[in-house]
Amino acid sequence: MQTTINIQKASTKNFDAICQLLSEEHLPTTDLNPLLENFFVAAENNEIAGVIGMDKYGDVGLLRSVIIKKSYRKKGIAAALINQVFIIAKKQNMVALYLITNTAETYFEKKGFKKIERIDVPVNILQSKEFNGLCPASSVIMFRKL
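Below, the structure is looked at part by part. Everything quoted here is computed from the prediction, not taken from an experiment.

## Describing the overall build of the chain
Within the chain one finds five helices and seven strands. Each helix (α) and strand (β) of the chain, taken in turn from the N terminus, gives the series β-α-β-β-β-α-β-α-β-α-α-β. A compact globule built from 146 residues would reach a C-alpha radius of gyration of about 15 Å, and the chain, at 15 Å, matches this within 12%. Projecting the C-alpha coordinates of the chain onto the three principal axes gives extents of approximately 50 × 30 × 25 Å. A separation threshold of at least 6 residues defines the contact pool for the chain, and within that pool the share at least 24 residues apart is 68%. For the chain, the exposed surface amounts to about 8300 Å²; the carbon and sulfur share of it is 50%. The averaged location of the 14 negative side-chain charges in the chain is 6 Å from the averaged location of its 19 positive side-chain charges.

## Some details on the layout of surface pockets
Rolled over the atoms, a probe sized like a water molecule indicates the empty space that remains. In this structure, the largest pocket occupies an estimated 910 Å³ of space. Contributing to the lining of the largest pocket are 32 residues, with Val66, Ile67, Thr103, Ala104 and Phe108 lying nearest its centre. Elements that contribute at least two residues to the lining of the largest pocket include exactly β4 (60-68), α2 (77-91), β5 (96-101), α3 (105-110) and α5 (130-134). Considering each element in turn, the lining of the largest pocket owes the most residues, seven residues, to β4.

## Brief notes about the pattern of salt bridges
Across all of its chains, the model carries four salt bridges by this definition. In this structure, Arg73 engages Glu25 in a salt bridge whose closest nitrogen and oxygen atoms are separated by 3.5 Å. Of this pair, Arg73 sits in the loop between β4 and α2 while Glu25 is found in the loop between α1 (15-24) and β2 (39-44), placing the two residues 48 residues apart along the sequence. A salt bridge links Arg64 to Asp55; its shortest N-O distance comes to 3.1 Å. Comparing Arg64 with Asp55 shows no difference in burial state: the two are buried. One connected set of salt bridges, linked through shared partners, spans Asp31, Asp55 and Arg64.

## Structural notes on α2
Look at α2: 21 Å from first C-alpha to last across 15 residues, which is about the 21 Å you get at 1.5 Å a residue. Buried within α2 are the following residues: Ile77, Ala78, Ala79, Leu81, Ile82, Val85, Phe86, Ile88 and Ala89. Of the residues trailing α2, Asn93 is marked for its positive phi of about 60 degrees.

## Looking at the environment of Gln127
Along the polypeptide, Gln127 turns up in the loop between α4 (123-126) and α5. The class for Gln127 is exposed, based on a relative accessible area of 60%. Note: C-alpha distance between Gln127 and Tyr57 (70 residues apart in sequence) is 9.9 Å.

## Let's talk about the pairing of β4
As a general feature of sheets, a regular strand has side chains that alternate between the two faces. By the criterion of burial, β4 is predominantly enclosed, with eight of the nine residues buried. Bridging between strand β3 (residues 47-57) and β4 involves seven bridges; their strand directions are antiparallel. Looking at the pairing, Gly50 lines up with Ile68 of β4. The antiparallel pairing of β3 with β4 creates a hairpin that spans two residues between the two strands, and Gly58 there sits at a positive phi of about 70 degrees. Sheet topology places β4 next to β5; four bridges connect them, and they run parallel.

About the cut-offs
Residues numbered from 1 in each chain as written. Predicted model: local features only at pLDDT ≥ 70, side-chain atom pairs only at ≥ 80, totals over all residues. Heavy atoms only, no water. Helix = DSSP H or I, 4+ residues; strand = E, 2+ residues; numbered from the N terminus. Rg over C-alpha atoms; globule rule 2.2 N^0.38 Å. Contact = heavy atoms within 4.5 Å. Areas by Shrake-Rupley, 256 points an atom, 1.4 Å probe, with all protein chains shown as cover. Lys, Arg positive; Asp, Glu negative; His and termini not counted. Charge placed at Lys NZ, Arg CZ, Asp CG, Glu CD. 1 Å grid on protein atoms, 1.4 Å probe; cavity = no way out; pocket = protein on both sides within 12 Å on 5 of 7 lines; lining within 4 Å. Points joined across faces, edges and corners; volume = space filled by probe spheres on them. Salt bridge = Lys/Arg side-chain N within 4 Å of Asp/Glu carboxyl O. Buried < 20%, exposed > 50% of the residue type's maximum accessible area, 1.4 Å probe, protein only. Expected span 1.5 Å × (residues − 1). Pairing = 2+ DSSP bridges.

Structure (structure tokens):
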């Protein structure tokens, strides 16, 4: 029997499951807004297979909390979630997305992101908690125009 992964907007009822998934992969949750605005989940039979989020800072966004459960990886779910964020960001008239990664630089390069220096990040994103202690200073910073 074939199952279908559904991409849907995250809701407050997903908050605990999302936090658990992020914690298992050592991604930050302390600054996660329980309203989960601009967050999406990939779900199969009411199980969350993956999550992605975007924090909005004016006309730019910070892509965050991108994780796929190990048993669901290599099935195109991350790509589908990223594409959903691209669609939403464009609808919100955003011009670029930024991200911080410790493990997925090569993957995001394939999605059109380019490595940049901290000095090239907009001030409003630099003031985010991710840039102020939640993510290691050694993390790779990436950018993509929309």
